[in-house]
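Summary of the model geometry
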Amino acid sequence: MQQAWKRSLEILRDRIEAQDYENFISRLHPVAARDRNLLIEAPNRLAIDFITQRYLNLMEEVLSQTVGAPVRVLLQPPGAAQQELFPLSVPARPPADLSRKRPSGLIPKYTFANFVVGASNQFAHAASKAVANQPGDHYNPLFIYGGVGLGKTHLVNAIGHQILDKYPERRVLYLSSESFMNELINALRRDRMDEFKSRFRRIDVLILDDVQFLAGRERTQEEFFHTFNSLYEGHRQIVLTSDKFPKEIPDLEERLRNRFEWGLIADIQSPDMETRVAILQKKAEAERIELPHDVALFLAANIDSNVRELEGSLTRLGAFASLNKSEITVDFTRQVLQNILREKDSTITIESIQKAVCEFFHVRPADLRSKKRTRTIAVPRQVAMYLCRRYTQASFPVIGDRFGGRDHSTVIHATQVVDQRAKQDPTFRATIERLERMLESRG
Ligand code: ADP
Ligand code: MG
């Protein structure tokens, strides 16, 4: 295993961002191997979270290829007792909920308590609460739809947990539509359809995630149709999620589509700025990450696509800060998340920066390229150069060239001057920030 690990490291080095490799992967130490399980020590808990989120699958894939058989990686903090963290024959990832008598499939961490409510999800949240309090009575089925990473899975798991808290004897089952299909295929193959049918028809609350996955799967749709009818007639609660409105799911049988629309349909939108900040703060608290308010604002302003990305950035930030023992500041955040932020900024070009700066300072693009050195022109020119450096991948010589054929040393000087002044002069800094927001909203 030691050798396999060494060989895998070489492969991983090529496949993982250099910054992450140096900070995280190169600091891992295998401490024990048994069967095909490899126990690896990581520097701390945040590093474990981060690696698990981003690289665990890749590590297992590479190790498995190197060894020629499936390898499972277990990460532990330094000095943890090996015995308890190193079960000898665990078949797969830990099952979702060991504490309950019956396996519900629910994901333990997704509860109402840690779901942040904002304008974007208020309605879906209220509907979920109502269903959780009186399952089967109202809103059947409850159909929640919204884009990826906006909290659908979280919310429907929260429903399941709350029902079990309130009615411990109810049989709750959460599963993805993909698992539903796989179980069906297995049952068909082993000739166990009766078992499959009775299993799904005994449930009190069925939570089926991502039903858009059923698109085009006729046999699965048919079986689900019968399951649905049997549960519905028995006043059992059905909760569904989808990334699309029922009418927009392609290749879905009309009779199923029709049933999806029988109950209540609630959508989740992208969270607004305040909600993004609140989610970050809640998550930081839970992970014990010291997150200053200005950094939360910076993250929320720059990552507005979905909550999963927002969380991912925070975990990354926390992990880097704890490893480097550094304070989390806006500059530190920029540095750690530069790749993520840069992708987002990819539509910002030297031209669009020059244009925005000219509008802002009321000068002409030709002035930026001219030899004029008056202050009213030199300052906008330097600011524009600075922004080009920050938002584009252009090198110093290229930027110099686009500003009237100036030398690269002029560009370097300009970025330093702007950087310095922004640190010392709050009004100037506010100007830069306004320009940045202007560019980002256009980009
Ligand atoms: P979806 O199923 O819609 O793709 P998830 O439910 O998997 O999204 O959410 C992605 C991540 O974002 C999860 O870790 C979830 O906990 C988190 N999340 C989403 N919305 C919220 C919210 N309103 N409050 C707290 N966490 C949230
Ligand atoms: Mg989901």
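Below, the structure is looked at part by part. (Residues numbered from 1 in each chain as written. Chains lettered and ligands numbered in written order. Predicted model: local features only at pLDDT ≥ 70, side-chain atom pairs only at ≥ 80, totals over all residues. Heavy atoms only, no water.)

Details of the overall build of the chain
The secondary structure content of the chain amounts to 22 helices and 8 strands. Reported as C-alpha extents along the three principal axes, the dimensions of the chain are approximately 85 × 55 × 35 Å. Put simply, the chain has 443 residues, and 47% of those count as buried. A separation of at least 24 residues holds for 72% of the contacts in the chain among residues at least 6 apart in sequence. Summing over all exposed atoms, the chain offers an accessible surface of approximately 22300 Å²; the carbon and sulfur share of this is 50%. Charge separation in the chain, taken as the distance between the mean sites of 63 positive and 57 negative side-chain charges, equals 3 Å. (Helix = DSSP H or I, 4+ residues; strand = E, 2+ residues; numbered from the N terminus. Buried < 20%, exposed > 50% of the residue type's maximum accessible area, 1.4 Å probe, protein only. Contact = heavy atoms within 4.5 Å. Areas by Shrake-Rupley, 256 points an atom, 1.4 Å probe, with all protein chains shown as cover. Lys, Arg positive; Asp, Glu negative; His and termini not counted. Charge placed at Lys NZ, Arg CZ, Asp CG, Glu CD.)

Considering the site of ligand 1
Taken together, 17 residues form the shell around ligand 1, and within it Val116, Gly149, Thr153, His154 and Glu311 come nearest. Between ligand 1 and Asn121, the relevant distance is 3.3 Å, taken from a nitrogen atom to a side-chain nitrogen or oxygen of the residue. With respect to ligand 1, the side chain of Arg308 contributes an N or O atom lying 2.9 Å from an oxygen atom. Relative to its unbound accessible surface of 560 Å², ligand 1 loses 93% to contact with the protein. Elements that contribute at least two residues to the shell around ligand 1 include exactly α7 (152-166) and α14 (307-324). (Near = heavy atom within 4 Å. Polar contact = N/O pair within 3.5 Å; in protein donor to acceptor, adjacent residues only side chain to side chain.)

Considerations on the sheet that holds strand β7 (residues 237-242)
Strands belonging to one sheet form pairs held by backbone hydrogen bonds; the direction of such a pair is parallel or antiparallel. Taken together, 5 strands build an open sheet; the order of strands is β5-β6-β7-β4-β8 and the sheet is parallel. Each edge of the open sheet is held by one strand with a lone partner, namely β5 (172-176) and β8 (264-268). Geometrically, the sheet is characterised by an average inter-axis angle of 15° between neighbouring strands, direction not taken into account. Pairing between strand β4 (residues 142-146) and β8: 5 bridges, direction parallel. Considered in β8, the bridge of Gly146 is made with Ile268. (Pairing = 2+ DSSP bridges. Axes fitted to C-alpha atoms, helices over the stretch in contact; angles between N-to-C directions.)

Section: the packing of aromatic side chains
For any pair of aromatic rings, geometry is given as the distance between the ring centres together with the angle between the planes. On inspection of all chains with the given rule, the structure shows 16 aromatic pairs. In textbook terms, an aromatic cluster arises when at least three aromatic residues are bridged by ring pairs, as seen for Phe143, Phe180, Phe196, Phe200, Phe224, Phe228, Tyr232, Phe260 and Trp262. A cation sits over an aromatic face here: Arg170 above Tyr167, 4.1 Å from the ring centre. Directly above the aromatic system of Tyr391 lies the positively charged group of Arg390, at a separation of 4.3 Å from the ring centroid. (Phe/Tyr/Trp six-rings, centres within 6.5 Å; stacked < 30°, edge-to-face > 60°. Lys NZ or Arg CZ within 6 Å of the ring centre and 35° of its normal.)

Re the nonpolar core
Ranked by internal contacts, the top residues of the largest apolar core, which has 50 residues, are Ile25, Leu28 and Met59. Here this core gets 7 residues from one element, more than from any other, and that element is α14. Not counting the four nearest positions on each side in its chain, Ile25 is found in contact with Leu9, Leu12, Ile16, Asp20, Tyr55 and Met59. Residues Val363, Tyr386, Ala394 and Val418 belong to the second largest nonpolar core, which totals 29 residues. (Core = buried A, V, L, I, M, F, W, Y, C linked by side-chain atoms within 4.5 Å.)

Considerations on the sheet that holds strand β3 (residues 72-76)
Judged by pairing direction, the sheet is mixed, and its 3 strands sit side by side in the order β1-β2-β3 without closing on themselves. This sheet does not close on itself; its edge strands, each paired only once, are β1 (29-34) and β3. On average, each strand axis in the sheet is inclined to that of its neighbour by 25°, with strand direction left out of account. Bridge analysis of strand β2 (residues 37-41) against β3 gives 5 bridges, and the strand direction is parallel. Among the inter-strand pairings, Leu39 is bridged to a residue of β3, identified as Leu74. Those strands touched by helix α4 (residues 56-67) are β2 and β3, and its axis lies near 135° from that of β3.

Some thoughts on the packing of helix α17 (residues 350-361) against helix α22 (residues 426-442)
With their axes 10 Å apart at the nearest point, α17 and α22 run at an angle of 130° to one another. For the element pair α17 / α22, the angle class is oblique. Note on packing geometry: the crossing formed by α17 with α22 is right-handed. Contacts between α17 and α22 involve Ser352, Ile353, Lys355, Ala356, Val357, Glu359, Phe360 and Phe361 on the former and, on the latter, Thr431, Arg434, Leu435, Met438, Leu439 and Arg442. (Parallel < 35°, antiparallel > 145°, perpendicular 65-115°, else oblique. Left-handed = near helix turned anticlockwise from the far one by under 90°.)

Overview of the pairing of β1
A regular strand places its side chains on the two faces of the sheet in alternate fashion. As paired strands, β1 and β2 are joined by 5 bridges and run antiparallel to one another. Bridging across to β2, Ala32 finds its partner in Leu39.

A short note on the pattern of salt bridges
One pass over the full model with this rule turns up 28 salt bridges. In this structure, Arg171 and Asp204 form a salt bridge, with 3.6 Å as the shortest nitrogen-oxygen distance. Within this pair, whereas Arg171 is found in the loop between α7 and β5, its partner Asp204 is found in the loop between α9 (193-201) and β6 (205-209), the two being separated by 33 residues in sequence. By relative accessible area, which is 31% here, Arg171 ends up partly exposed. Judged by its relative accessible area of 15%, Asp204 falls in the buried class. Between Arg334 and Glu436 there is a salt bridge whose closest N-O contact spans 3.3 Å. Of this pair, Arg334 sits in helix α15 (residues 330-336) while Glu436 sits in helix α22, and the two are 102 residues apart along the sequence. Among the residues examined, Glu436 registers a relative accessible area of 7% and is labelled buried. A single salt-bridge network, built from bridges that share partners, covers Glu17, Asp20, Arg54 and Arg316. (Salt bridge = Lys/Arg side-chain N within 4 Å of Asp/Glu carboxyl O.)

Comments concerning helix α19 (residues 375-391)
An ideal rise of 1.5 Å per residue puts 24 Å on 17 residues; α19 measures up with 24 Å between its terminal C-alpha atoms. Counting buried residues in α19 gives 12 out of 17 residues, a clear majority hidden from the surface. Those residues of α19 not exposed but buried are Ile377, Val379, Pro380, Arg381, Val383, Ala384, Met385, Tyr386, Leu387, Cys388, Arg390 and Tyr391. (Expected span 1.5 Å × (residues − 1).)

Quick look at the environment of Arg34
One can find Arg34 in strand β1. Accessibility expressed as a relative area gives 28% for Arg34, which makes it partly exposed. Taking C-alpha positions, Arg34 is 9.2 Å from Met1, a pair spaced 33 residues apart along the chain.

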